[in-house]
Number of protein chains: 4
Amino acid sequence: MSLINSSTKGVFVIACTPFTDNGGLDGESVGRMVDFYYEKGADGLTILGMMGEAPKLTQAESIDVTRLTLKRSEGKPVVVGVSAPGLAAIGELTKAVMDMGAAGVMVAPPSSLRTDEQIISYYRNVVETVGAEVPVVLQDFPLSTGVQISAKTLGVIFEAHPSIVMLKHEDWPGLQKITDLREAEAKGRRRTSILCGNAGVFLTEEMQRGADGAMTGFAYPEMMVDVVRLCNEGKYEAAQDVFDAYLPLMRYEQQPGLGLAVRKYVLAKRGAIASAAQRRPAAPLSAVAVKEVDKLIERQARRLGMLT
Amino acid sequence: MSLINSSTKGVFVIACTPFTDNGGLDGESVGRMVDFYYEKGADGLTILGMMGEAPKLTQAESIDVTRLTLKRSEGKPVVVGVSAPGLAAIGELTKAVMDMGAAGVMVAPPSSLRTDEQIISYYRNVVETVGAEVPVVLQDFPLSTGVQISAKTLGVIFEAHPSIVMLKHEDWPGLQKITDLREAEAKGRRRTSILCGNAGVFLTEEMQRGADGAMTGFAYPEMMVDVVRLCNEGKYEAAQDVFDAYLPLMRYEQQPGLGLAVRKYVLAKRGAIASAAQRRPAAPLSAVAVKEVDKLIERQARRLGMLT
Amino acid sequence: MSLINSSTKGVFVIACTPFTDNGGLDGESVGRMVDFYYEKGADGLTILGMMGEAPKLTQAESIDVTRLTLKRSEGKPVVVGVSAPGLAAIGELTKAVMDMGAAGVMVAPPSSLRTDEQIISYYRNVVETVGAEVPVVLQDFPLSTGVQISAKTLGVIFEAHPSIVMLKHEDWPGLQKITDLREAEAKGRRRTSILCGNAGVFLTEEMQRGADGAMTGFAYPEMMVDVVRLCNEGKYEAAQDVFDAYLPLMRYEQQPGLGLAVRKYVLAKRGAIASAAQRRPAAPLSAVAVKEVDKLIERQARRLGMLT
Amino acid sequence: MSLINSSTKGVFVIACTPFTDNGGLDGESVGRMVDFYYEKGADGLTILGMMGEAPKLTQAESIDVTRLTLKRSEGKPVVVGVSAPGLAAIGELTKAVMDMGAAGVMVAPPSSLRTDEQIISYYRNVVETVGAEVPVVLQDFPLSTGVQISAKTLGVIFEAHPSIVMLKHEDWPGLQKITDLREAEAKGRRRTSILCGNAGVFLTEEMQRGADGAMTGFAYPEMMVDVVRLCNEGKYEAAQDVFDAYLPLMRYEQQPGLGLAVRKYVLAKRGAIASAAQRRPAAPLSAVAVKEVDKLIERQARRLGMLT
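What counts as what
- Residues numbered from 1 in each chain as written.
- Chains lettered and ligands numbered in written order.
- Predicted model: local features only at pLDDT ≥ 70, side-chain atom pairs only at ≥ 80, totals over all residues.
- Heavy atoms only, no water.
- Helix = DSSP H or I, 4+ residues; strand = E, 2+ residues; numbered from the N terminus.
- Buried < 20%, exposed > 50% of the residue type's maximum accessible area, 1.4 Å probe, protein only.
- Contact = heavy atoms within 4.5 Å.
- Areas by Shrake-Rupley, 256 points an atom, 1.4 Å probe, with all protein chains shown as cover.
- Lys, Arg positive; Asp, Glu negative; His and termini not counted.
- Charge placed at Lys NZ, Arg CZ, Asp CG, Glu CD.
- Phe/Tyr/Trp six-rings, centres within 6.5 Å; stacked < 30°, edge-to-face > 60°.
- Buried area = accessible area lost by both parts, 1.4 Å probe.
- Salt bridge = Lys/Arg side-chain N within 4 Å of Asp/Glu carboxyl O.
- Polar contact = N/O pair within 3.5 Å; in protein donor to acceptor, adjacent residues only side chain to side chain.
- Pairing = 2+ DSSP bridges.
- Axes fitted to C-alpha atoms, helices over the stretch in contact; angles between N-to-C directions.
- Least-squares fit on C-alpha atoms with pLDDT ≥ 70 in both.
- pLDDT = per-residue confidence, 0-100.

A. Seen up close, the overall build of chain A. The number of helices and strands found in chain A is 12 helices and eight strands. C-alpha extents for chain A along the principal axes are approximately 50 × 45 × 35 Å. Taking all 308 residues of chain A together, 63% fall into the buried category. Excluding contacts between residues fewer than 6 apart, the proportion of contacts in chain A whose partners are at least 24 apart in sequence is 73%. Approximately 10,700 Å² of chain A is accessible, and the part contributed by carbon and sulfur atoms is 54%. Distance between charge centres in chain A, computed from 34 positive and 36 negative side chains, equals 2 Å.

B. The packing of aromatic side chains, seen in detail. Summed over the entire model, instances satisfying the criterion amount to 26 aromatic pairs over all chains. For the ring pair Phe218(A) and Tyr246(A), a centre distance of 5.9 Å and an interplane angle of 90° mean the geometry is edge-to-face. In this pair, Phe218(A) sits in the loop between strand E8 (213–216) and helix H9 (221–232) while Tyr246(A) sits in helix H10 (residues 236–253), placing the two residues 28 residues apart along the sequence. Considering the side-chain rings of Tyr220(C) and Tyr246(C), the 5.8 Å spacing of their centres and the 45° angle between planes classify their relative orientation as tilted. Of this pair, Tyr220(C) sits in the loop between strand E8 (213–216) and helix H9 (221–232) while Tyr246(C) sits in helix H10 (residues 236–253); the two residues are 26 residues apart in sequence, bridging distant segments of the chain. Among the residues examined, Tyr220(C) registers a relative accessible area of 10% and is labelled buried. Through a chain of ring-to-ring contacts, the aromatic side chains of Phe218(A), Tyr220(A) and Tyr246(A) assemble into a single cluster.

C. Just the interface of chain D and chain B, in detail. At the junction of the two partners, chain D supplies nine residues and chain B supplies nine residues. With both sides pooled, the region where chain D packs onto chain B buries about 920 Å², and carbon together with sulfur makes up 47% of that total. Three residues, Arg114(D), Glu117(D) and Gln148(D), lead the burial of chain D against chain B; their summed loss comes to 54% of the area buried on that side. On the surface where chain D and chain B come into contact, there are zero salt bridges. Our enumeration of links across chain D and chain B arrives at three residue pairs in polar contact (both at pLDDT 80 or more).

D. Seen up close, the sheet that holds strand E1 (residues 10–14) of chain B. All names here are of chain B. Strand order in the closed barrel formed by eight strands is E1-E2-E3-E4-E5-E6-E7-E8, and the pairing between neighbours is parallel. Averaged over all adjacent pairs, the angle separating strand axes in this sheet is 25°, with direction ignored. In this structure, E1 lies alongside strand E8 (residues 213–216), joined through four bridges in parallel fashion. Along E8, the bridge assignment pairs Gly10 with Gly213.

E. Representation of the relation of the copies chain D and chain B in the model. With an RMSD of 0.0 Å, the operation that places chain D on chain B is a rotation of 180° combined with a shift of 0.0 Å along the axis. Both copies are brought into coincidence by an operation consistent with a two-fold rotation axis. Interface residue correspondence from chain D to chain B reaches 100%, placing this contact among same-surface, isologous pairings.

F. Seen up close, the pattern of salt bridges. Per the counting criterion, the structure on display carries 120 salt bridges over all chains. Arg229(D) is the salt-bridge partner of Asp226(D), the closest N and O atoms lying 3.3 Å from each other. With Asp226(D) and Arg229(D) both in helix H9 (residues 221–232) and three residues apart, the pair spans about one turn of that helix. For Arg229(D), a relative accessible area of 38% corresponds to the partly exposed category. Salt bridges here are not isolated pairs; linked through shared partners, they connect Glu237(A), Asp241(A), Asp244(A), Lys295(D), Glu298(D), Arg299(D) and Arg302(D).

G. Structural detail: the confidence of the model for chain A. For chain A, per-residue confidence averages 96 on the pLDDT scale, and residues scoring 70 or more make up 100% of the total. Scoring the predicted complex yields pTM 0.96 and, for the interface, ipTM 0.97.

H. A look at the sheet that holds strand E3 (residues 78–81) of chain D. Residue and element names in this part refer to chain D. In space, the eight strands of this closed barrel follow the order E1-E2-E3-E4-E5-E6-E7-E8, with parallel pairing throughout. Geometrically, the sheet is characterised by an average inter-axis angle of 25° between neighbouring strands, direction not taken into account. The sheet contact formed by strand E2 (residues 44–47) and E3 spans three bridges and is parallel. Counterpart to Leu45 in the pairing with E3 is Val78. Most of the contacts of H9 go to strand E1 (residues 10–14), to which it runs at about 165°, and overall it touches E1 and strand E8 (213–216).

I. Spotlight on the interface of chain D and chain A. Taken residue by residue, the interface counts 32 residues in chain D and 32 residues in chain A. Both faces combined, the contact of chain D with chain A buries some 2,800 Å², and carbon together with sulfur accounts for 54% of it. When the buried surface of chain D facing chain A is broken down by residue, Trp172(D), Arg251(D) and Arg299(D) rank first, second and third, together holding 24% of it. The interface formed by chain D and chain A holds 14 salt bridges in total. The partner of Arg299(D) in a salt bridge is Asp241(A), with the nearest N and O atoms 2.6 Å apart. Elements with a contribution of two residues or more to the side of chain D that touches chain A: helix H7 (175–186), helix H8 (203–209), helix H10 (236–253) and helix H12 (287–307) of chain D.

This is the structure:
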């Protein structure tokens, strides 16, 4: 069992939850998908996030997905999303998944929070609930949560709670926030890991601003793996070349709400999962959208071919 | 076991969830509180609502509270709040509580809904998830959910789903909505029961506009019982006299966020529960607020004395 | 010309803007209404607020209303609402009305603000725009603006800008905020005046928590005048008696959106303005609502009669 | 003078408002920028939009900008943004700019609207206010306004008001909405023009879904001109090649809040305006951001070179 910490780097893929066409949990595909992610170079996984259709799973199913994923990960770190309206549910699921060997839990703020004080107080309650020994990822995703957390407020939270070891960064715009956080660390604040989301659409700039890697669900994890590696090697032009080749599809996948459908479609097409089925309420791809995605994939392959 | 239906009338008290001072579920107080509500004249209860600190309960505790309440209610109808971000959790809890003898379940819309279509589609999914044989209360509380549902949209939902038998009405302003709904029924739309919330602060007008009763948690349920009874007897002046005597405290109790603390304080003071303790995150009454509430109770008693 | 300052006390009535039945500005009624407010004991007025249908006025009409009101006020202080999406409009209207003799301007935060930093920065921009010599009222009305400002953030703003001399307090719940602000002043922060809004529904508690008076538009300004005077004399029971007599109507008038219609109806009924007409988009009272209001007024008169 | 209508096609560039370094309106740059846009192939312009810093202009300045732009446009159509919290301001500015020769006005919904009924009623009020002879562009930009308008509700509005001739389409995701609108037209609903915004990041798909062109402020208008032209010629692969070359910068420019700074920086760099200065509250580019933009421009030039 490995835990994430404030120095964690690399690519954590946000995993989807595979279902069969009639809506059952597809345990076989969980395994296949996990293999797929690691074969493409992922350093770890994040499950039961917003993209994981977590609210559509019963508690028992959430535990099942975690068990299957952890088993197949063979010691690689798996972060589990435990966001919920109430602290009781957060505490319950955290206890269960940490006991099973999760590497940490991820918590996004509930959308009712407004003032800095409310946000700071919320994460104090979370840490008290899950216990200070559990590594926590703070998910900062205002587009989805409606909660805006300034770099200064993040700093107050990080100072107060050493167990919050990682920021899942997906503010938009958010580049300056990375710069601000790293500058505060340069002046003495303790370090946190920063992995970036937002479908990866700013990954090259984010890495150069000081991010430690990516945590997002783009269906071509090799893009993140290559971009992060090239950036770490200082090969920014090459990283941008790879990035640009994938950008048209990333952009398409980033569409709120639709993104999950695109990812599941692509993952099924790539053989990583058996079916692109979502549970109700589902937003499947229309026939026109499927054609658009197929076209983007075809062009992407062509362009990647020109890179090598 | 009794189920609510579209003709249900009377007073359903929104029950709090009693805790001991160290945060445990206080099962003994659940029983005492249930007795208290029925002694004051309640026709039924609603548990695990927003006022019931439901998000602070584990799934097992939610089941416990339901079992204790149902047992003590001896056949009186108990509605259970099952609102959750995901349909899976709604379905799971609904199945459990209906099997135990609940009279129906209450579902508020998630705050992400915006257009009429999204709202209509959400309740279709809810009915498909819980099953068309389960009576559903639609909670219309825009101040808390952020979701505005027009009378017309409510009508579309009611027409489509006969199992949605009741509206928990707490739009604000909401008087015209009651009038509009009853007028649509007069023109042929099927009837739904309308029980009113909002701490009761418009109960006299609501009854005269066509409501069937109250569903709220004011810590003096006898106010609701008396006002509903007097209105049903056509004694509107007497109803308003009773209402006015309680209004200063109702107004104080209606404060968002603080209301729960006031209710638990008053219920403990009246001996209905052992402790006013809330689970974290708690917002207890300050010493000044306690003095304000005590003053209001004292004046209320004096004024009620003058009525008789 | 008198300016408001950080010691200003008393009752500033939020004035409506009277229109004729065909939608024109009713200058004659402006004068009559101003007289009415002062006859009832108002210490000052606030015009062009949210209740003043300000967004329905052209710039020229806003200036006209201000001129007419100032002229008739004969030196009594008149605060002018200048909230607008852009600083240019705020600066323009402020310049115009201060040149004409306004006592200060009132600015609510635009609904796009979220973090404490954004709010603090907004009021810095406002003060720079209107000039540090212009007294500013900060309107804190989260129910309407969606912007939540903590007591701490208010303190930062007050410290930074001595020209922000007054808080129009209408947070809900907001009693603790008054206590917090006064405690911070007791520890050395400079004083600001606090006048309370929210239709007056917490005025007795607010006065005892340390407020300086009322700034709201309840159509019976004599309630605010009497309650504020009795509280200042330490006669809290008597103040509460007066308050309770008016509370049923206050409660009705506080309904968001409907409040303006109720106020204009009552003001017209009392002879303060010629017509209850609103400009488009208008939300007039239905016939049922008129009956409800009439009933409340009748009962209110009866109960006031019993007080003396 | 030319008016827009329901068949209008092509590229309308959203123009910025140029200021001098000390904050004055830079009339000379207005002219230069207008020339620049037409030289790059724009069919028309849209001024005083969200990107035009309209709320930072006094009414007189808004009129000035319109006059200067119209004069220099020599008969090409200029749409003017007139969104405002109140109908009076909308009516006033519309009258002024239509008298001067504007081609139409653009109105976004105020962020307070929620239900379909409220949205439909709002546009009825707008049309009544500006007059049914004035061509109106409905701006559908939920990310910024918070108002979600379904395709069905748009249809109701278009049916009711023939003077609403154009949709500025920037819902996200929004491709299906274009398809839905065009399908409803195929079934008999009257046609409206659809020009797309969102910085152009879905322009190729939008054109193939049935859009008539673009209305956005990307600082390389030649991208929109070329993509729209190539799509109209059925050369979708070539259109996508051009699009892909610009996409990395488009993506960067699309960042909410930052976009204006990027555009002004690029326009100044290209010589279209003298200064990138914004009026307060300004969000200028940091030095790091400037380097990122310069890098993107350099790569963009290289890639465009490879296309020809």
